[in-house]
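Take a look at the letters that make up each chain.
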Amino acid sequence: MATDSALKVIFEHEGVFIHPNTEEEGTEPDLLVSGSLRILEKDAEVLVDFRPLEDPVDPSNMLCAGQDSSSVVEWAQCPKEKPQSHQLLETQQSYETEWDMLNAVSFRKRSSARGEGLLNHSLERSRWAFSVSVSDLRSITVKDEGWTFVILQQKEPSTSLPALHFHQGGSREFLDNLRRFALLTESPEDETCLEVSTPNRALSQSFENLLDDNSFGLIHKFRRDPYVATFGGLSKVTNYIYDALRGAEEQQQQRPPEEVADLLGEVIPGLEINQQEEPGFEVITRIDLGMRPQVTRCEPLSADRWSKHLDIEGRVQDVDQLKHEVFKGGLCHALRKELWKFLLGYFPWSSTSEERRCLQRVKIDEYFRMKLQWKSVSEEQERRNSRLRDFRSLIEKDVDRTDRTNWFYEGLNNPGLTLLHDILMTYCMYDFDLGYVQGMSDLLSPILYVMENEVDAFWCFVSFMDQMHQNFEEQMQGMKTQLIQLSTLLRLLDLTFWNYLESQESGYLYFCFRWLLIRFKRELSFQDVLRLWEVMWTGLPCQNFHLLICCSILDSEKQKIMEENFGFNEILKHINELSMKLNIEEILQKAEGLFHQIRSCKDLPHSISSILGLDTEHQRSDPTNAGAVAASQRAHLQNICSNGLGRENGSQNSGRPAFKS
């Protein structure tokens, strides 16, 4: 392990320029100072360092790409005169400014007739070198003049460092790396200005030590590999977190909740907790919820019962009753392939059998058009598309380790793995903004297992991801919200247990992160996951029922945790070790009982009603509203079918490939 005094290069980029003011005394006309910009870490301090390179640049022979990348214009500049092409670039709206000039800039080194010129150049170079601590920065201004340049503003004295011009790209990478060590927030007065605030460095370093790959901060690690960050890393370094939160001098003195929230917010900007805005921090006093009712579960829905829910044209009759039966007992496995399409919203409940066949034909065409997009990308193209390259690399790694003990994915050259890979790659084309984030393969695997069909699995996965999207976004807004809501529910249901967790610095329930991220996929057996998901997809008995499932598990474990006086480390370890030891039917039974116990409460806090959707329950059960939704879905489906059948009849293409695995 490197010592604290070791110099660590976090980021380095050559081809960053300073444009000296030619009116300053002693500044050579037409001089551009080319240098290397680095972010360094030394003695727990992070520095932004600029060092000029050996030779200054003569802009009289600098070539830059214009907006039309097929042409190259010469930047012919005279002293104190703004270049014509510079003015041209200012008026153009670049789609991606940083890439306009990449690989399209060439420089001619300045020549010197006398040896003293070399000395002058050396003095000129050293004049523009600087190194500044990130903690000393007040703000960073980011502007665009055909290329990106940034201005670093110091706190004391309140002065600006020379503007750094990124003529060869790299500004985005510079700012992304800087965000690992400082929070950059847009100024409300100036959208080009990013205000800089630096977190508690000791606590940040504690979280950084979680990672095996030091190239990424915690936010990036959660985005790229939530398993390493939550399953492995957090369990390895609980002492770091524990000590950082409590402090060496305050082992016996608990920090107030708002201070813990601030500390966690500094370390994980995407999980900052606003106690004024979030409903989770409504003051909840001890409330008598009454006795928890006993509930029973039923047998899975059979094929015979399912057939009785369909009319002669294949429409589902009494959707609410059908959902209730699925919620109470789940489905027999033979029905999952058909009914999951309804539960996930791929098939409208009001559709006929013929309309569903038509919809599938349209969706087959749509899917393979998207699949062709990435299939037709050449190696040469992919070398120039880092995001697609990264998505493919992550998918290949994940596919190789997803549910390999399941017969559907086991062994070498398994066609199920090929389908898993192709669906995830096609999803990147469907939602390129999100692309692929590790963990998504776990959500697709059970769906593909049930569907045994590439196209149907894809569209069901799309519907599931519509529900789960926020869990995988870089800011993790969905995870933040769910953890706060879960804490709120637990505080209502068992204030004594919640207070105990709070006393052990566990009140924010970060040990439940894995449960929420991939909906208990790693906690239950594969068959139990299928049962749990289909129950949750009914939307019954309330919204966010999965949070009550969390409360149900915690309710079963609270006695052991409290009686054995588990601390922060032990709680995390105990929760992690529950994997594959949970009984899904008992959990669902208790979670439903918790719901009825909460709903029967007369003085229910508004925050609880909002989390569970109890304040909008009448709207969801309103037959007029449900009828309007069904009518809208039918009109949309008829439009899709009429357009799809028209294309099919016109194409005269009667042959279709077999899509089953």
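Below is a short write-up of the structure. Computed from a prediction, not measured in an experiment: that's the story for all the values here.

1. Notes on the overall build of the protein
Of regular secondary structure, the protein possesses 28 helices and 12 strands. A total of 661 residues make up the protein; the buried ones form 51% of that total. Pairs at least 24 residues apart make up 70% of the contacts formed inside the protein by residues separated by at least 6 positions.

2. Describing helix 17 (residues 440–451)
In an α-helix, one turn spans 3.6 residues; hence positions three or four apart end up facing the same way. The first and last C-alpha atoms of helix 17 sit 17 Å apart over 12 residues, in line with the 16 Å expected at 1.5 Å per residue. Taken across its 12 residues, helix 17 has 12 buried, putting it largely inside the fold. Within helix 17 the residues assigned to the buried category are Met-440, Ser-441, Asp-442, Leu-443, Leu-444, Ser-445, Pro-446, Ile-447, Leu-448, Tyr-449, Val-450 and Met-451. The positive-phi residue at the C-terminal boundary of helix 17 is Glu-452, with phi of around 50°.

3. Overview of the packing of aromatic side chains
Summed over all chains, the structure comprises 27 aromatic pairs. Taking the centre distance of 5.9 Å and the plane angle of 20° together, the rings of Phe-50 and Phe-130 count as stacked. Remark: Phe-130 occurs in strand 7 (residues 130–133) and Phe-50 occurs in strand 3 (residues 45–52); sequence separation between them is 80 residues. Here Phe-50 falls in the buried class, since its relative accessible area comes to 0%. Judged by its relative accessible area of 9%, Phe-130 is buried. Every member of this aromatic cluster is reached through a ring pair, and the members are Tyr-367, Phe-368, Tyr-427, Tyr-430, Phe-458, Trp-459 and Phe-461. Here Lys-363 stacks its cationic end above the ring of Trp-459, 4.1 Å away from the centre of that ring.

4. Some thoughts on the pattern of salt bridges
Pairing between side chains of opposite charge can happen when their charged atoms approach one another. Using the criterion set out here, one finds 34 salt bridges in the structure. Across the pair Glu-534 and Arg-336 runs a salt bridge, and its minimum N-O distance is 2.8 Å. On the criterion of sequence distance, the pair formed by Glu-534 in helix 22 (residues 526–536) and Arg-336 in helix 12 (residues 333–343) is long-range, its members being 198 residues apart. With respect to class, Glu-534 is no different from Arg-336; both count as buried. Between Asp-494 and Lys-558 there is a salt bridge; the shortest N-O distance is 2.4 Å. In this pair, Asp-494 is assigned in the loop between helix 19 (477–493) and helix 20 (495–503) and Lys-558 in helix 23 (residues 545–563), connecting sequence segments 64 residues apart.

5. With respect to the nonpolar core
Judged by nonpolar contacts, the single largest core of 120 residues is most densely connected at Ile-447, Phe-472, Ile-549 and Ile-598. Sorting elements by how many residues they give to this core places helix 18 (residues 454–472) first, with 11 residues. For this core, the two domains that each supply at least three residues are domain 3 (331–466) and domain 4 (477–619). Leu-37, Val-134, Phe-174 and Leu-178 belong to the second-largest nonpolar core, a separate cluster that totals 29 residues.

6. As for the pairing of strand 2 (residues 33–42)
Among the 10 residues in strand 2, 8 count as buried, and that is most of the element. Pairing geometry for strand 1 (residues 8–18) and strand 2, over 9 bridges, is antiparallel. Residue pairing in the sheet places Lys-8 in a bridge with Glu-41 of strand 2. Where strand 2 and strand 3 come together, 8 bridges link them in antiparallel fashion. Counterpart to Ile-39 in the pairing with strand 3 is Val-48. What sits between strand 2 and strand 3 in their antiparallel hairpin is a turn of 2 residues, with Asp-43 showing a positive phi close to 55°.

7. Considerations on the environment of Ser-135
In this fold, Ser-135 is placed in the loop between strand 7 and strand 8 (137–144). Owing to a relative accessible area of 33%, Ser-135 belongs among the partly exposed residues under this scheme. A distance of 2.8 Å separates the side chain of Ser-135 from the side chain of Ser-133, its partner in a polar contact.

8. A few points about a negative patch on the surface
The grouping of Glu-186, Glu-189, Asp-190, Glu-191 and Glu-195 at the surface amounts to a negative patch. With respect to the secondary-structure elements, Glu-186 resides in strand 11 (residues 183–186). On the basis of relative accessible area, Glu-186 is assigned to the exposed category, the value being 53%.

9. Some points on the pairing of strand 3
Within strand 3, 6 of the 8 residues are buried, leaving the element largely enclosed by the surrounding structure. In terms of strand pairing, strand 3 meets strand 7 through 4 bridges, oriented antiparallel. What sits directly across from Leu-47, in strand 7, is Ser-133.

10. Comments concerning the packing of helix 17 against helix 22
Helix 22 packs onto helix 17 with a crossing angle of 90° between their chain directions and a minimal axis gap of 11 Å. Viewed along their axes, helix 17 and helix 22 adopt a mutual orientation that is roughly perpendicular. Contact residues: Asp-442, Leu-443, Ser-445, Pro-446, Tyr-449 and Val-450 in helix 17; Phe-526, Gln-527, Val-529, Leu-530 and Trp-533 in helix 22. When grouped by side-chain class, the residues that make up the contact of helix 17 with helix 22 number 8 nonpolar, 2 polar and 1 charged.

11. Section: the state of the cysteines
Under the counting rule described, the total for this entry stands at 0 disulfides. Here Cys-512 is not cross-linked by a disulfide; its sulfur's nearest cysteine counterpart is in Cys-550, at 5.4 Å. According to the relative accessible area criterion, Cys-512 is buried, its value standing at 0%.

12. Some words on the side chain of Lys-341
Inspection of the secondary structure puts Lys-341 in helix 12. Beyond its immediate stretch of four places on either side in the chain, Lys-341 contacts Tyr-346, Phe-347, Gln-360, Met-451, Asp-456 and Cys-460.

13. Regarding the packing of helix 17 against helix 18
Running from amino to carboxyl end, helix 17 crosses helix 18 at an angle of 155°, the nearest separation of the two axes being 10 Å. By the criterion of interaxial angle, the relationship of helix 17 to helix 18 is roughly antiparallel. Crossing of helix 17 against helix 18: the hand is right-handed. Judged by residue contacts, Met-440, Leu-443, Leu-444, Ile-447, Leu-448 and Met-451 of helix 17 engage Asp-456, Ala-457, Cys-460, Phe-461, Phe-464, Met-465, Met-468 and Phe-472 from helix 18.

14. Some thoughts on unusual backbone geometry
With an omega of -5°, the peptide bond running from Leu-540 to Pro-541 counts as cis. Tracing the backbone through its elements, the reader meets Pro-541 in the loop between helix 22 and helix 23. Although it is not a glycine, Asn-413 sits at a positive phi angle of roughly 55°. In this fold, Asn-413 is placed in the loop between helix 15 (386–399) and helix 16 (415–430). Despite not being glycine, Asn-544 shows a phi value in the positive range, around 60°. According to the relative accessible area criterion, Asn-544 is partly exposed, its value standing at 23%.

Scoring rules and cut-offs
- Residues numbered from 1 in each chain as written.
- Predicted model: local features only at pLDDT ≥ 70, side-chain atom pairs only at ≥ 80, totals over all residues.
- Heavy atoms only, no water.
- Helix = DSSP H or I, 4+ residues; strand = E, 2+ residues; numbered from the N terminus.
- Buried < 20%, exposed > 50% of the residue type's maximum accessible area, 1.4 Å probe, protein only.
- Contact = heavy atoms within 4.5 Å.
- Expected span 1.5 Å × (residues − 1).
- Phe/Tyr/Trp six-rings, centres within 6.5 Å; stacked < 30°, edge-to-face > 60°.
- Lys NZ or Arg CZ within 6 Å of the ring centre and 35° of its normal.
- Salt bridge = Lys/Arg side-chain N within 4 Å of Asp/Glu carboxyl O.
- Core = buried A, V, L, I, M, F, W, Y, C linked by side-chain atoms within 4.5 Å.
- Domains from an automatic or database assignment.
- Pairing = 2+ DSSP bridges.
- Polar contact = N/O pair within 3.5 Å; in protein donor to acceptor, adjacent residues only side chain to side chain.
- Patch = residues over 30% accessible without salt bridge, like charges linked within 9 Å, V, L, I, M, F, W, Y side chains within 5 Å.
- Areas by Shrake-Rupley, 256 points an atom, 1.4 Å probe, with all protein chains shown as cover.
- Lys, Arg positive; Asp, Glu negative; His and termini not counted.
- Charge placed at Lys NZ, Arg CZ, Asp CG, Glu CD.
- Axes fitted to C-alpha atoms, helices over the stretch in contact; angles between N-to-C directions.
- Parallel < 35°, antiparallel > 145°, perpendicular 65-115°, else oblique.
- Nonpolar A, V, L, I, M, F, W, Y, C, P; charged D, E, K, R; others polar.
- Disulfide = S-S within 2.5 Å.
- Left-handed = near helix turned anticlockwise from the far one by under 90°.

Remember that the coordinates give geometry; whether it matters functionally is a separate question.
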